Amino acid sequence: MKFYLVVGLCSLIVTGSATFSRTPYFGTAVAMDPFRNDREYRAVLDREFDMIVAENAFKWSELRPGPDTFDFDDADALVAYASATGKKIRGHTLVWHRQLPKWLLESKPSRDEAIAILREHISRVVGRYAGRVDAWDVVNEAIDDDAKMRDSFWLRTIGPDYVGLAFEFAHDADPKAKLYYNDYSIEDLSPKSDAVFDLVRDLKKKGVAIDGVGWQAHVIAGFRIGREHLQNSKRIRELGLELSITELDLRIELPSNVEKLRLQADSFASIARFCKADKNCKALVMWGFTDAHSWIPGAFPGFGDALIFDTSFRPKQGYDELRRVFPRKQV
Ligand code: G3I
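Being a predicted model, the structure only gives us computed values, none of them experimental. (Residues numbered from 1 in each chain as written. Predicted model: local features only at pLDDT ≥ 70, side-chain atom pairs only at ≥ 80, totals over all residues. Heavy atoms only, no water.)

With that settled, the discussion passes to helix α10 (residues 191-205). Think of an α-helix as 3.6 residues a turn; residues three or four steps apart then line up on the same face. Taking 1.5 Å per residue as the helical rise, α10 with its 15 residues ought to reach 21 Å, and the 21 Å between its terminal C-alpha atoms agrees with that figure. Taken residue by residue, α10 has K192, S193, A195, V196, F197, L199, V200 and L203 as its buried positions. Taken together, the buried residues of α10 touch α9 (162-173), β5 (178-183), β6 (212-215) and α11 (227-238). Just downstream of α10 lies G207, where phi reads positive at about 80°. (Helix = DSSP H or I, 4+ residues; strand = E, 2+ residues; numbered from the N terminus. Expected span 1.5 Å × (residues − 1). Buried < 20%, exposed > 50% of the residue type's maximum accessible area, 1.4 Å probe, protein only. Contact = heavy atoms within 4.5 Å.)

This part covers the site of the ligand. Around the ligand lies a shell of 15 residues, among which E55, K59, H92, E247 and W287 are the nearest. Between an oxygen atom of the ligand and a side-chain N or O atom of E55, the distance comes to 2.5 Å. Coverage of the ligand by the protein amounts to 52% of the 790 Å² it exposes when considered alone. Here the residues of the shell around the ligand sort into three nonpolar, six polar and six charged. (Near = heavy atom within 4 Å. Polar contact = N/O pair within 3.5 Å; in protein donor to acceptor, adjacent residues only side chain to side chain. Areas by Shrake-Rupley, 256 points an atom, 1.4 Å probe, with all protein chains shown as cover. Nonpolar A, V, L, I, M, F, W, Y, C, P; charged D, E, K, R; others polar.)

For the structure shown, the criterion picks out four cavities of 30 Å³ or more. In this structure, the largest cavity spans a volume of roughly 60 Å³. For the largest cavity, the lining is made up of twelve residues, of which F26, D50, R323, P327 and K329 are closest to its centre. Looking at the lining of the largest cavity, its residues break down into six nonpolar, one polar and five charged. Of the voids in this model, the second largest cavity is the one considered here, and its volume is about 50 Å³. (1 Å grid on protein atoms, 1.4 Å probe; cavity = no way out; pocket = protein on both sides within 12 Å on 5 of 7 lines; lining within 4 Å. Points joined across faces, edges and corners; volume = space filled by probe spheres on them.)

Turning our attention to the packing of helix α7 (residues 111-128) against α9. Axis separation between α7 and α9 bottoms out at 8 Å; the angle between their running directions is 35°. Considering only the axes of α7 and α9, their crossing is right-handed. Contacts from I115, L118, R119, I122, S123, V126 and G127 of α7 reach α9 at Y162, L165, A166, F169, A170 and A173. Within the contact of α7 with α9, the residues separate by chemical class into ten nonpolar, two polar and one charged. (Axes fitted to C-alpha atoms, helices over the stretch in contact; angles between N-to-C directions. Left-handed = near helix turned anticlockwise from the far one by under 90°.)

Once that is clear, we can look at the packing of α10 against α11. Packing of α10 against α11 leaves a shortest axis separation of 11 Å and a crossing angle of 10°. Of the possible angle classes, the one that applies to α10 and α11 is roughly parallel. The residues of α11 that touch α10, namely those facing S193, D194 and F197, are N232, R235 and I236. Looking at side-chain class alone, the contact of α10 with α11 contains two nonpolar, two polar and two charged residues. (Parallel < 35°, antiparallel > 145°, perpendicular 65-115°, else oblique.)

Turning next to the state of the cysteines. Throughout the structure, instances matching the rule amount to one disulfide. Disulfide pairing is shown between C275 and C281; the S-S distance is 2.0 Å. Taking the torsion about the S-S bond as the criterion, the C275 to C281 disulfide, at about -85°, is left-handed. Assessed through its relative accessible area of 0%, C275 is described here as buried. The exposure class of C281 is buried, given its relative accessible area of 0%. (Disulfide = S-S within 2.5 Å.)

A few words on the packing of aromatic side chains. This model, assessed by the stated rule, comprises 16 aromatic pairs. Ring centres of W60 and W103 lie 6.4 Å apart, and the angle between their planes is 45°; this geometry places the pair in the tilted category. Here W103 lies in helix α6 (residues 102-105) and W60 lies in helix α4 (residues 60-63), a separation of 43 residues in the sequence. Geometrically, the ring pair formed by F72 and Y129 is edge-to-face, given 6.1 Å between the ring centres and 85° between the ring planes. Residue F72 is located in the loop between α4 and α5 (73-85), and its partner Y129 is located in the loop between α7 and β4 (135-140); the two are separated by 57 residues in the primary sequence. Assigned by exposure class, F72 and Y129 land together as buried. Three or more aromatic residues joined by ring pairs make a cluster, and in this case those are F26, Y41, F49, F289, F309, Y319 and F326. The lysine or arginine in question, R64, covers the ring of F70, its NZ or CZ lying 3.9 Å from the ring centre. Note that R124 overlies the ring of F70, its terminal NZ or CZ placed 4.1 Å from the centroid. (Phe/Tyr/Trp six-rings, centres within 6.5 Å; stacked < 30°, edge-to-face > 60°. Lys NZ or Arg CZ within 6 Å of the ring centre and 35° of its normal.)

Approximately 440 Å³ is the volume attributed to the largest pocket. Surrounding the largest pocket, 20 residues form its lining, W96, R98, E141, H218 and W295 being those nearest its centre. A class-by-class count of the residues in the lining of the largest pocket yields five nonpolar, eight polar and seven charged. The volume enclosed by the second largest pocket comes to roughly 260 Å³.

Per the stated rule, a full pass over the model turns up 26 salt bridges. Here E48 and R323 are joined by a salt bridge, their closest N and O atoms 2.8 Å apart. With E48 in helix α3 (residues 39-48) and R323 in helix α14 (residues 317-325), the pair connects residues that are 275 residues apart, well separated along the chain. Judged on exposure class, the residue E48 and its partner R323 are both buried. With a closest N to O distance of 2.9 Å, R90 and D137 form a salt bridge. In this pair, R90 sits in strand β3 (residues 88-95) while D137 sits in strand β4, placing the two residues 47 residues apart along the sequence. (Salt bridge = Lys/Arg side-chain N within 4 Å of Asp/Glu carboxyl O.)

Right, dumping it as structure tokens:
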């Protein structure tokens, strides 16, 4: 009898079905300037995270200086860093309405020409990193705040089919990569999150190779996971799609104070507990980790302090609370 118990336990461990402290990947967006030039930034990045994503280096504006030219320097550096340090890397993003180069926006392609441009971009970029990029945000923010398809270069030139085509091109270029649809303000139940759910359900129905949904989670300190988030996560799981928190930051209305930082720490803990408890939540990725490098102050005047290390790289209460749920892995 004892023999069978041992075999059973080993198979649980091997298949990973044992519920030992399963902790999702814990990641961060990486800004190239401090990545290349700030030793303290790199030290925290080395020590704290087992997943990274380029804040900008994988976007059209950085990769595509011209119609016939690619600039992979920054993207190559991040992929090489991830490989060298044993970290996973997410690719962000293949199709978005923002950060498109001028030459593309000023071009007037026919629908077929636009499809060819999209296919070439995705094939070249995804193909270059096949087997080395764990997941791609194939399409980012295709649904607008009014829950309709967002107006974009891609919608205007190709039509709504651009979404499915992008996933098809990405799957052809790297069949092993996890392919995500990524968006903001889709964490709870709302017309926008319903529209995203309908979009990804239709893609699944058509047999499109989509694997997951990214909740960007750009939220305000005080945010707590509630019933609606759990229901939303459940319907994504029931579609057979995985979930990742892809761009977490928790902005504080300035000036910051002890109470606001406490509130922020509770929010970090709430989101971390949710992602750890939900086996379908594969990663919790911050959109940066130090208040010294955050998009928030520029995008939300009067708000800041949205991350887990302060401007001097000192851990904040949010870091401590988050680490209580996500103990640091030896990466
Ligand atoms: O690279 C140029 C540089 O050459 C130029 O000198 C400088 C001044 O104009 O601009 C630099 O580009 C900036 C780029 O970040 C790289 O730093 C752009 O102006 C600036 O708009 C861009 O901001 C990024 C923003 O996306 C663009 O919409 C933010 O860093 C980035 O955090 C933010 O990230 C997005 C996600 O990709 C998608 N989800 C929302 C999130 C926040 O908007």
